[in-house]
Amino acid sequence: MNFHTRKWIKPQDLNPNRSLFGGRLLEWIDEEAALYAIIQLENPRTVTKYISEIDFKSSAREGDIVEIGIEPVKFGTASLTLKCEVRNKMTRETIITIDKIVMVGLDENGNAKPHGKTKVEYVKDRLEDR
Ligand SMILES: CCCCCCCCCCCCCCCC(=O)SCCNC(=O)CCNC(=O)[C@H](O)C(C)(C)COP(=O)(O)OP(=O)(O)OC[C@H]1O[C@@H](n2cnc3c(N)ncnc32)[C@H](O)[C@@H]1OP(=O)(O)O
């Protein structure tokens, strides 16, 4: 799994218990998954269809750095299924795991659009194809 994104926990990211607010973390994960899927499917009209069980295993405090990791699980017809792990760089603990995030690419009418992708593509491969 690649951990591309890091976030620094600031006062506005905390809950009344002074630990990381879960809703903020889910927002970051959704954005990370959307960006990953938009790039892989080459479709800016990509939406979150389904998120499986979310298990908050540990937390983070103000000043901690968390890393968000995403890994592709399955390229479907119009969908891309991802899994996610977020870990605390300070404590090295896993904060959250999500086994299944299903992203779906849409056409201009908002319907699921087949993407024709079967595997992860890197910028280098795409440039070589041109
Ligand atoms: C260069 C460009 C720059 C652009 C720079 C943009 C930057 C930007 C960044 C920020 C980005 C933030 C973006 C956040 C992302 C949202 O906030 S999205 C908002 C929340 N999500 C939505 O509003 C989606 C609402 N749902 C829908 O519109 C419809 O359900 C959908 C998605 C069109 C699908 O409709 P449907 O009738 O279920 O379609 P269907 O063909 O049956 O299924 C499609 C696929 O979904 C799967 N599926 C359907 N139901 C389920 C289910 N319950 N469980 C699992 N899979 C399912 C199917 O298996 C199928 O998979 P494939 O076989 O095609 O692989």
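All values reported here derive from a predicted model rather than from experimental measurement.

Enquirer: How would you sum up the site of the ligand? Please name residues and give values.
Expert: Lining the immediate environment of the ligand, one finds 17 residues, of which Thr48, Lys49, Thr77, Ala78 and Ser79 sit closest. Thr48 is positioned such that a nitrogen or oxygen atom in its backbone is 2.9 Å from a nitrogen atom of the ligand. Take Thr77: an N or O atom from its main chain is 2.7 Å from an oxygen atom of the ligand. Protein burial of the ligand: of its 1,400 Å² of free accessible surface, 46% is covered by the chains. Contributing elements (two or more residues each) for the shell around the ligand: helix H1 (22–41), strand E2 (46–51) and strand E6 (94–105). A per-element tally of the shell around the ligand places E2 first, with four residues.

Enquirer: Give me the side chain of Ser79: which residues, what numbers.
Expert: Inspection of the secondary structure assignment puts Ser79 in strand E5 (residues 79–88). Owing to a relative accessible area of 17%, Ser79 belongs among the buried residues under this scheme. Contact partners of Ser79, with chain neighbours within four places excluded, come to Lys74, Val102, Met103, Val104 and His115.

Enquirer: How would you summarise the UniProt feature "domain: HotDog ACOT-type" (unreviewed entry) in the chain if you had to cite specific residues and measurements?
Expert: In the numbering used here, UniProt assigns the "domain: HotDog ACOT-type" (unreviewed entry) feature to residues 1–109. Within the segment residues 1–109, helix and strand shares are 18% and 45% respectively, and the terminal C-alpha atoms sit 34 Å apart.

Enquirer: Which residues make up the packing of aromatic side chains, and what values go with them?
Expert: Under the defined criterion, the tally for this structure stands at zero aromatic pairs. The ring of Phe3 carries the charged tip of Arg87 above its face, separated from the ring centre by 3.6 Å.

Enquirer: Tell me what's going on with a nonpolar patch on the surface, and back it up with residues and numbers.
Expert: A cluster of nonpolar side chains, Leu26, Ile51, Ile54 and Phe56, forms an exposed patch at the surface whose accessible area comes to about 310 Å². For Ile51, the location among the structural elements is in strand E2.

Rules and cut-offs
- Residues numbered from 1 in each chain as written.
- Predicted model: local features only at pLDDT ≥ 70, side-chain atom pairs only at ≥ 80, totals over all residues.
- Heavy atoms only, no water.
- Near = heavy atom within 4 Å.
- Polar contact = N/O pair within 3.5 Å; in protein donor to acceptor, adjacent residues only side chain to side chain.
- Areas by Shrake-Rupley, 256 points an atom, 1.4 Å probe, with all protein chains shown as cover.
- Helix = DSSP H or I, 4+ residues; strand = E, 2+ residues; numbered from the N terminus.
- Buried < 20%, exposed > 50% of the residue type's maximum accessible area, 1.4 Å probe, protein only.
- Contact = heavy atoms within 4.5 Å.
- UniProt positions renumbered as here; feature names shortened; annotations may be inferred.
- Phe/Tyr/Trp six-rings, centres within 6.5 Å; stacked < 30°, edge-to-face > 60°.
- Lys NZ or Arg CZ within 6 Å of the ring centre and 35° of its normal.
- Patch = residues over 30% accessible without salt bridge, like charges linked within 9 Å, V, L, I, M, F, W, Y side chains within 5 Å.
- Salt bridge = Lys/Arg side-chain N within 4 Å of Asp/Glu carboxyl O.

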